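One-letter residues, chain by chain:
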Amino acid sequence: MLQVMAEEPINDEMQDSSKANYQLTREEIISNILIFMVAGYETTSTALAYATYELARHPEVLQKLQTEIDQLPLSNGDRSDEETKEYPDYDVVAQMPYMDMFVSEVLRMYPIANVAVQRSAFEDTIIQGIKIEKGTLVHADVYSVHYDRDLWGPEDPNQFHC
Ligand code: HEM
C-alpha cells in the first residue's frame with residue numbers, strides 16, 4: 001500500500017489547508033500513518049490482553065457476551081452472507097450494549113496511555129482548592145478518577161463489575 005501511494009502524484013507544495021481542494025502532503029500522510037501505528041498498536045493489544053485476563057477470571061461475563069454476540073445478525077443486509085461469514089459489520093458490532101459496558105469496565109480498571117492525557121487551562125482555574133494557572137500543562141491523574149469511591153460507589157472500585 002505504501003508503494004502505491006509513493007507512485008501517486010502527491011503535492012508537497014505548501015497549501016492552504018482551509019481550502020476545499022486541499023490535498024494531504026506526502027509528509028502528512030507518512031506522519032499520520034506513523035501516529036496510527038504508534039497510537040493504535042500497543043494500546044489495542046494491551047487492552048485486549050486485560051480484557052482476556054478479566055474474561056478468564058469471570059466466565060459468567062464471557063457467557064453473557066457470547067449470548068449477546070449470538071443474538072445479533074452478522075450483517076444489516078447490505079453484504080452477502082459469504083462476506084459476513086467470518087466478521088460482522090461494524091454497525092452491527094456497535095449495537096452491543098453489554099460489550100460496550102465490558103470494554104468500558106476493562107479500560108476503567110486498566111487505563112492505557114495515561115501519560116498521553118494532558119490538558120492546559122484556557123484561564124486561571126481552581127479545582128477542589130488546587131489553583132491551575134492559565135496555560136499550564138497538566139497531566140491528568142486518571143487512576144484517582146477511575147478508582148474514586150465517591151464516583152463509583154457503593155461498589156468497590158477495586159473489583160471488576162460487569
Ligand atoms: C484500546 C485502544 C486505545 C486506547 C486505550 C487509546 C488511548 C488513547 C488515549 C488515552 C489518548 C489521549 C486522549 C486524550 O488526550 O483525551 C489517545 C489519543 C489518540 N489515539 Fe488512541 N487509544 C486506543 C486506540 C487507538 C487506535 C486504534 C488509534 C489509531 C489507529 C489511536 C489513535 C489515537 C490518536 C491519533 C490520538 C490523538 C488524538 C488527538 O490528540 O486528537 N488510538 N488514545
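To be clear, the structure that these remarks concern was listed above.
About the cut-offs
Residues numbered from 1 in each chain as written. Predicted model: local features only at pLDDT ≥ 70, side-chain atom pairs only at ≥ 80, totals over all residues. Heavy atoms only, no water. Helix = DSSP H or I, 4+ residues; strand = E, 2+ residues; numbered from the N terminus. Buried < 20%, exposed > 50% of the residue type's maximum accessible area, 1.4 Å probe, protein only. Contact = heavy atoms within 4.5 Å. Near = heavy atom within 4 Å. Polar contact = N/O pair within 3.5 Å; in protein donor to acceptor, adjacent residues only side chain to side chain. Nonpolar A, V, L, I, M, F, W, Y, C, P; charged D, E, K, R; others polar. Axes fitted to C-alpha atoms, helices over the stretch in contact; angles between N-to-C directions. Parallel < 35°, antiparallel > 145°, perpendicular 65-115°, else oblique. Expected span 1.5 Å × (residues − 1). Arc of directions from axis to C-beta.

K.L.:
An account of the overall build of the chain is requested, with residue identities and associated values reported.
P.N.:
Helix and strand counts for the chain stand at eight helices and four strands. Tracing the chain from N to C terminus, the helices and strands come up as α-α-α-α-α-α-β-β-β-β-α-α. A burial count over the chain gives 19% of its 162 residues as buried. In the chain, once contacts between residues fewer than 6 apart in sequence are set aside, the share between residues at least 24 apart is 43%.

K.L.:
Give me the site of the ligand: which residues, what numbers.
P.N.:
Lining the immediate surroundings of the ligand are I35, F36, A39, G40, T43, T44, A47, I112, A113, A116, V117 and R119. In the model, an oxygen atom of the ligand is placed 2.6 Å from a nitrogen or oxygen of the R119 side chain. The element that contributes the greatest number of residues to the shell around the ligand is helix α2 (residues 26–57), accounting for seven residues. The residue inventory of the shell around the ligand, partitioned by class, reads eight nonpolar, three polar and one charged.

K.L.:
Pulling in residues and values, what's your account of the packing of α2 against helix α3 (residues 59–71)?
P.N.:
Relative to each other, α2 and α3 sit at 110°, their axes nearing to 5 Å. With respect to α3, the element α2 is oriented roughly perpendicular. Residues L55, A56 and R57 of α2 form the contact with α3, whose own contacting residues are P59, V61, L62 and L65.

K.L.:
Break down α3 for me, citing the residues and quoting the values.
P.N.:
Between its first and last C-alpha atoms α3 spans 19 Å; for 13 residues at 1.5 Å apiece the expected length is 18 Å, and the two agree. Of the positions making up α3, those classed as buried are V61, L65 and E68. Each buried residue of α3 lies within a common arc of 60° when the element is viewed along its axis, so the set occupies one face. Relative to its buried face, α3 has exposed residues pointing more than 90 degrees away, namely P59, Q63, D70 and Q71.

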